[in-house]
Amino acid sequence: MRAVWIVGEGTKKSLLHSMCIHSDRLGRTCGTIQAVEIVPRRKREDRIALQWRSRMVLDANSVLQQLEKGDTSSTTILRLLSLAKEQKLRKSGAVTKYGMVLLKSPANRASLGNDLWNYYEQVCMAALDVFSLEDAEFCLSALQKKFPSSNRVSRLQAMYNEAKGDWKKAESTYRELLEKDPADTSSHKRLIALIKVC
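All figures in this text were calculated on a predicted structure; none of them were measured in a lab.

Q: Tell me about the nonpolar core, and please be specific about residues and values.
A: Counting residues in hydrophobic clusters, the biggest one holds 42 residues, and the most contacted among them are Y120 and Y174. Of all elements in the fold, only α2 (41-68), α3 (74-86), α4 (92-103), α6 (116-129), α7 (133-146), α8 (151-164), α9 (167-180) and α10 (185-197) reach the threshold of two or more residues within this core. In contact with Y120, not counting residues within four places along its chain, are L103, R109, F138, C139, A142 and L143.

Q: Quick one: what's the story with the pattern of salt bridges, residue by residue and with numbers?
A: Applying the stated rule across the entire model yields five salt bridges. E162 is the partner of R190 in a salt bridge, and the nearest nitrogen-oxygen pair spans 3.2 Å. Of this pair, R190 sits in helix α10 while E162 sits in helix α8, placing them 28 residues apart in sequence. Put simply, R175 and E171 hold a salt bridge, and the shortest N to O gap is 2.8 Å. One end of the pair is R175 and the other is E171, both in helix α9 and four residues apart, which spans about a single turn. Residue R175 is classed as partly exposed on the basis of its relative accessible area, which comes to 39%.

Q: Now, about the packing of aromatic side chains: what can you tell me, with residues and values included?
A: The tally for this structure, following the rule as stated, stands at three aromatic pairs. Centroid distance W117 to F147: 5.8 Å. Interplanar angle 85 degrees. Geometry classified as edge-to-face. Taken together, the positions of W117 in helix α6 and F147 in the loop between α7 and α8 put the pair 30 residues apart, joining distant regions of the chain. A relative accessible area of 32% places F147 in the partly exposed class. Look at Y120 and F138: their rings are 6.2 Å apart centre to centre, the planes differ by 45 degrees, and that puts the pair in the tilted class. With Y120 in helix α6 and F138 in helix α7, this residue pair connects regions lying 18 residues apart in the sequence. Residue F138 is classed as partly exposed on the basis of its relative accessible area of 29%. The structure contains a cluster of three or more aromatic residues connected by ring pairs, namely W117, Y120, F138 and F147.

Rules behind the numbers
- Residues numbered from 1 in each chain as written.
- Predicted model: local features only at pLDDT ≥ 70, side-chain atom pairs only at ≥ 80, totals over all residues.
- Heavy atoms only, no water.
- Core = buried A, V, L, I, M, F, W, Y, C linked by side-chain atoms within 4.5 Å.
- Buried < 20%, exposed > 50% of the residue type's maximum accessible area, 1.4 Å probe, protein only.
- Helix = DSSP H or I, 4+ residues; strand = E, 2+ residues; numbered from the N terminus.
- Contact = heavy atoms within 4.5 Å.
- Salt bridge = Lys/Arg side-chain N within 4 Å of Asp/Glu carboxyl O.
- Phe/Tyr/Trp six-rings, centres within 6.5 Å; stacked < 30°, edge-to-face > 60°.

Here it is in structure tokens:
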């Protein structure tokens, strides 16, 4: 274990007691320290992961600024899409807007290789998230042509039907998916949510 300085508002009151005790050992004055916490190794790793995630959010925001300034190169758009996916960032509007720029260009589609289909799925999900049904339909039709019997594409179709308000069709698709694969937790969760809404 080692002492870690916690700086900022909202410091726990229980930590204030240990502030002066540890500050003498570390050669610091009590006036400049808000608190000292003894952090086990696992918590330090979590804190490092949190710091890394916040840096990635800042990186995603800088990429968004580049895109808003007019730099809609495929490299910048791919950077945004990969950051949004890796970090599970809720940037659905930006992913839809710039992802469609990427996917509607034949030159960009050709350069993506097999990753193209992952981007179609990601942009489709983002479009459904912001109720951009035309963009979702564009991505969904491309995925259905390439993978006509895929469970993932069928689930996307059901989500599209949900967004359109066609609850019965969505419910029947989820039930068909669960008959094929009873361990499909994603379809199961969507079906439960759909039944609660209806």
